[in-house]
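Observations on the three-dimensional arrangement
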Amino acid sequence: MRTPRKPAAIGLAILVLTVSANARAEGDPRRGAQVFQACAACHSLEPAQHLTGPSLASVFGRKAGAVEGFQRYSMALKESGVLWNEKTLDAWLQNPAALIPRNTMVFRGLPDARARDDLIAYLKAVSEGKAAAVRGMMQPQLSDLKKAGADSLVKAIRYCGDAYHVTTGDGETVQIWEFNLRLKTDSSKRGPAKGQPVLVGAGMAGDRAQLVFAHPGEISSFVKARCD
Ligand code: HEC
């Protein structure tokens, strides 16, 4: 480090002061990217990609509860008046409910101060465009359902006995036990086209599958309860 010429003792005193003042904030963003795995099931670092929680792409320096396009903030978070910086993020990640009571983030907190510092350094680096967004191992698979192939595009759904018989665009019909089939909606940009539900996961992971609709109104019109 280049220092202007000063008596050595003063230079050292300044150095010691600076180091101790910054000691808590000097996290390692590379280790922080690992710690982020604890968040990845609910948060993406891609701008505008909202999951259970809002995108954290540019959370640093922002007002709490203000990320555009995230529609499920609690009143508690929106009205907290918190600004996200090293200090507030540290308190939030240590114990979210203590910083903002009645928030809806289901997370107990990170008790390890070092892990919090690393994670905060990483979030800051991502917000400033200095680190790449890692894709979490726990992050849900989000494929663009408008690009689904014929073998996933649903043409008909028949409900008989305790099973759904799902016919897809390639003419195949699969039979799935009712308890193994989840009916979901996805109104986001990557969701299915209107009136064109998509079957996800059948045959791949074995016996479980999901039917994704563009809107809940489509569910009752698509599913026909009959056994013929
Ligand atoms: C189980 C899902 C879940 C996990 C795990 C989770 N979060 Fe959250 N997070 C949420 C939800 C939901 C909200 C919105 C809470 C509200 O509105 O009260 C949120 C809000 C936030 C906010 C405020 C964002 C804003 O726009 O004001 C930050 C910052 C945050 N989370 C960081 C983290 C970090 C870092 C981790 C990992 C250590 C983490 N979260 C883990 C679901 C989660």
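Figured I'd write up the structure that's included with this text.

Thresholds, definitions, all that
Per chain, residues are indexed from 1 in the order of the written sequence. In keeping with the model being predicted, local features are shown solely for residues with a pLDDT of at least 70 and side-chain atom pairs are shown and tallied solely at 80 or more, while totals for entire chains, interfaces and linings include all residues. The basis for every side-chain value is the complete set of heavy atoms in the structure, and neither hydrogens nor water enter the calculation. Numbering of helices and strands runs from the N terminus; a helix is a DSSP stretch of H or I covering at least four residues, while a strand is a stretch of E covering at least two. The cut-offs for exposure are 20% and 50% of the maximum accessible area for each residue type, with area from a 1.4 Å probe on protein chains only; residues under the lower value are buried, those over the upper are exposed, and the others partly exposed. Each polar contact in these results corresponds to two N or O atoms within 3.5 Å; when the atoms are within protein, one needs to be able to donate a hydrogen and the other to accept it, and residues that are neighboring in sequence are counted only if both atoms are side-chain atoms. Residues are said to line a cavity or pocket when one of their atoms sits within 4 Å of a point; the points come from a 1 Å grid over protein atoms alone, cavities being sets where a 1.4 Å probe fits but cannot get out and pockets being open sets with protein on both sides within 12 Å along at least five of seven lines. Grid points are joined across faces, edges and corners, and a volume is the space filled by probe spheres set on the points. Residue ranges for the domains trace back to a domain assignment, done automatically or taken from a database. Counted as donors are the N, O and S atoms within 2.8 Å of the metal, or 3.2 Å for Na, K and Ca, while water is not among the atoms, so some sites may look incomplete. Here the metal geometry follows the donor angles, with tetrahedral for four donors whose angles all fall between 85 and 135 degrees, square planar for four and octahedral for six when opposite donors are more than 155 degrees apart and every other angle is between 65 and 115, and irregular for all the rest. Given a helix with a known number of residues, its expected span is that number minus one, times 1.5 Å. Any pair of residues with heavy atoms lying within 4.5 Å of one another is described as a contacting pair. We call a residue near a molecule or strand whenever a single non-hydrogen atom of that residue lies within 4 Å of it. Throughout, a molecule is located in a cavity or pocket provided that more than half of its atoms lie within 2 Å of its grid points. Here the nonpolar group is Ala, Val, Leu, Ile, Met, Phe, Trp, Tyr, Cys and Pro; Asp, Glu, Lys and Arg are the charged ones; every other residue, Gly included, is treated as polar. In this description, a line fitted to the C-alpha atoms serves as the axis of each element, helices being fitted only across the stretch in contact, and the angle between N-to-C directions of two axes falls anywhere from 0 to 180 degrees. Reported orientations rely on four angle classes, namely roughly parallel under 35 degrees, roughly antiparallel over 145, roughly perpendicular from 65 to 115, and oblique for the rest. By convention the crossing between two helices is left-handed if the near helix lies anticlockwise of the far one by an angle smaller than a right angle, and right-handed if it lies clockwise.

**A word on the side chain of His43**
Among the structural elements, His43 can be located in the loop between helix H2 (29–35) and helix H3 (75–78). Its relative accessible area of 11% is what places His43 among the buried residues. A polar contact of 2.7 Å, which involves the side chain of His43, links it to the backbone oxygen of Pro54.

**Side note on the layout of surface pockets**
Here the largest pocket is characterised by a volume of approximately 990 Å³. Secondary-structure elements contributing two or more residues to the lining of the largest pocket are strand S4 (181–185) and strand S6 (209–213). Taken together, domain 1 (8–127) and domain 2 (145–225) each give at least three residues to the lining of the largest pocket, which thus spans both. Size it by volume and the second largest pocket reaches roughly 580 Å³. Taken together, 33 residues form the lining of the second largest pocket, with His43, Gly53, Pro54, Trp92 and Met105 sitting closest to its centre. Listed by contribution, the elements that provide at least two residues to the lining of the second largest pocket are helix H4 (86–94) and helix H6 (113–127). Sorting elements by how many residues they give to the lining of the second largest pocket places H4 first, with three residues.

**A few points about the coordination of the iron atom of the ligand**
The protein atoms that coordinate the iron atom of the ligand are His43 (NE2) and Met105 (SD), at distances spanning 2.0 to 2.1 Å. The site at the iron atom of the ligand holds six donor atoms, and with the angles between them running 85 to 178°, its shape is octahedral. Pair noted here: His43 is in the loop between H2 and H3 and Met105 is in the loop between helix H5 (96–99) and H6, with a separation of 62 residues, a long-range link.

**Quick word on H6**
Spanning 15 residues, H6 covers 21 Å between terminal C-alpha atoms, matching the ideal 21 Å at 1.5 Å per step. With respect to burial, H6 is a largely interior element, eleven of its 15 residues being buried. Every buried residue of H6 is listed here: Ala115, Arg116, Asp117, Asp118, Leu119, Ile120, Ala121, Tyr122, Leu123, Ala125 and Val126. Along its buried surface, H6 packs onto H2 and H4. At the exit of H6 stands Gly129, carrying a positive phi of roughly 70°.

**What to know about the site of the ligand**
Taken together, the neighbourhood of the ligand is formed by 26 residues, with Cys39, Cys42, His43, Tyr73 and Met105 sitting nearest. A distance of 2.8 Å is found between an oxygen atom of the ligand and a backbone nitrogen or oxygen belonging to Gly65. Spatially, the ligand is embedded in the second largest pocket. Among the elements of the structure, H4 and H6 are those that each provide at least two residues to the shell around the ligand. Ranked by the residues each element gives to the shell around the ligand, the list is headed by H4, at three residues. Its residues assigned to classes, the shell around the ligand comprises 19 nonpolar, seven polar and no charged.

**Remarks on the packing of H4 against H6**
When two helices pack together, their arrangement is given by the angle between the helix axes and by the axis-to-axis distance. Look at H4 against H6: their axes get within 10 Å of each other, and the N-to-C directions meet at 130°. Taken together, the axes of H4 and H6 are oblique relative to one another. The way H4 lies across H6 gives a crossing that is right-handed. In this structure, H4 uses Glu86, Leu89, Asp90, Leu93 and Gln94 to contact H6, whose residues at the interface are Arg116, Asp117, Leu119, Ile120 and Lys124. For the contact of H4 with H6, the residue count by class is four nonpolar, one polar and five charged.

**A look at the environment of Leu77**
Turning to its location among the elements, Leu77 is positioned in helix H3. Spatially, the C-alpha atoms of Leu77 and Pro101 are 8.6 Å apart, while their sequence positions differ by 24 residues. Dropping the residues within four chain positions of it, Leu77 is found in contact with Ala64, Gly65, Trp84, Trp92 and Ile100.

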